[in-house]
Amino acid sequence: MTRHIMIDLETMDNKPTSAITAIGAVAFTLEEGIIEPHFYQKVDLQSSIDVGLTVSGSTIEWWLGQSEEARAEMMKPGVRIDSGLVNFFDWYKAVEGCEVWGNGASFDNPIMDNAYAKCGLPGPWQHFNHRCYRTIKVLGRDIPKVEPTIAHQALDDAFAQAQHLINICKAKGINP
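These figures come from a predicted structure and were not determined experimentally. (Residues numbered from 1 in each chain as written. Predicted model: local features only at pLDDT ≥ 70, side-chain atom pairs only at ≥ 80, totals over all residues. Heavy atoms only, no water.)

From N to C terminus, the chain includes seven helices and five strands. Relative to its length of 176 residues, the chain is compact, with a C-alpha radius of gyration of 15 Å against a globular reference of 16 Å. Here the C-alpha coordinates of the chain stretch approximately 45 × 35 × 25 Å along the principal axes. Counting only residues that meet the buried cut, the chain has 48% of its 176 residues in that class. Pairs at least 24 residues apart make up 73% of the contacts formed inside the chain by residues separated by at least 6 positions. Per element, the accessible surface of the chain, about 8400 Å² overall, is 53% carbon and sulfur. Counting 15 positive and 22 negative side-chain charges, the chain places the averaged centre of each group 5 Å from the other. (Helix = DSSP H or I, 4+ residues; strand = E, 2+ residues; numbered from the N terminus. Rg over C-alpha atoms; globule rule 2.2 N^0.38 Å. Buried < 20%, exposed > 50% of the residue type's maximum accessible area, 1.4 Å probe, protein only. Contact = heavy atoms within 4.5 Å. Areas by Shrake-Rupley, 256 points an atom, 1.4 Å probe, with all protein chains shown as cover. Lys, Arg positive; Asp, Glu negative; His and termini not counted. Charge placed at Lys NZ, Arg CZ, Asp CG, Glu CD.)

Glancing now at the packing of helix α4 (residues 81–94) against helix α5 (residues 108–118). Close contact between α4 and α5 brings their axes to 10 Å; oriented N to C, the two are set at 120 degrees. The element α4 and its partner α5 pack so that their crossing is left-handed. Touching L85, F88 and F89 of α4 are M112, A115 and Y116, all from α5. Among the residues forming the contact of α4 with α5, the class breakdown is six nonpolar, no polar and no charged. (Axes fitted to C-alpha atoms, helices over the stretch in contact; angles between N-to-C directions. Left-handed = near helix turned anticlockwise from the far one by under 90°. Nonpolar A, V, L, I, M, F, W, Y, C, P; charged D, E, K, R; others polar.)

On to the packing of aromatic side chains. Both the distance between ring centres and the angle between the ring planes are used here to describe each pair of aromatic rings. Applying the stated criterion across every chain yields a total of seven aromatic pairs. Measuring from centroid to centroid gives 5.4 Å for F39 and F88, while their planes differ by 80 degrees, and the two rings are edge-to-face. Highlighted residues: F39 in strand β3 (residues 35–42) and F88 in helix α4, separated in sequence by 49 residues. Neither residue differs from the other here; F39 and F88 are each classed as buried. Between F88 and W91, the ring centres sit 5.7 Å apart and the planes meet at 40 degrees, which makes this aromatic pair tilted. Placement of both F88 and W91 in helix α4 is noted, with a separation of three residues, approximately one turn of the helix. (Phe/Tyr/Trp six-rings, centres within 6.5 Å; stacked < 30°, edge-to-face > 60°.)

See the structure below:
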């Protein structure tokens, strides 16, 4: 049985070079529809900037328009980016992750890959294990979206995305 991982990041840009402020992830199986365990790490923004990750004005403006809960989470203290990435690496290996899903082929996974490279750290997965949740969402447009408890809180988003992916795959008979 393949152990899938859904990643959701909170970032300060929309490019593969984005500064990361939070990493949320859940492990799940498509066959059984079980979502557990999970990972959450708040990351210090300045440490992301210090290793060369990017911030954009348009993303800062976007964050200012988000809910009070999402903005409050963004302001919580975090660990240095390199520590957060090592913690994620250890979690990923412990849960025996394989296929890694992100919300867009050009967003979560490439941002993580770039952050590992900028920190001089090996990434936990092979490049051929990247999967795109956004593509599966298009195939399941008729399947109701699962809403997170707090939108743009990385762990809540990861849970909601994983559940939606499971629902789509079951309804459509997809076994990626």
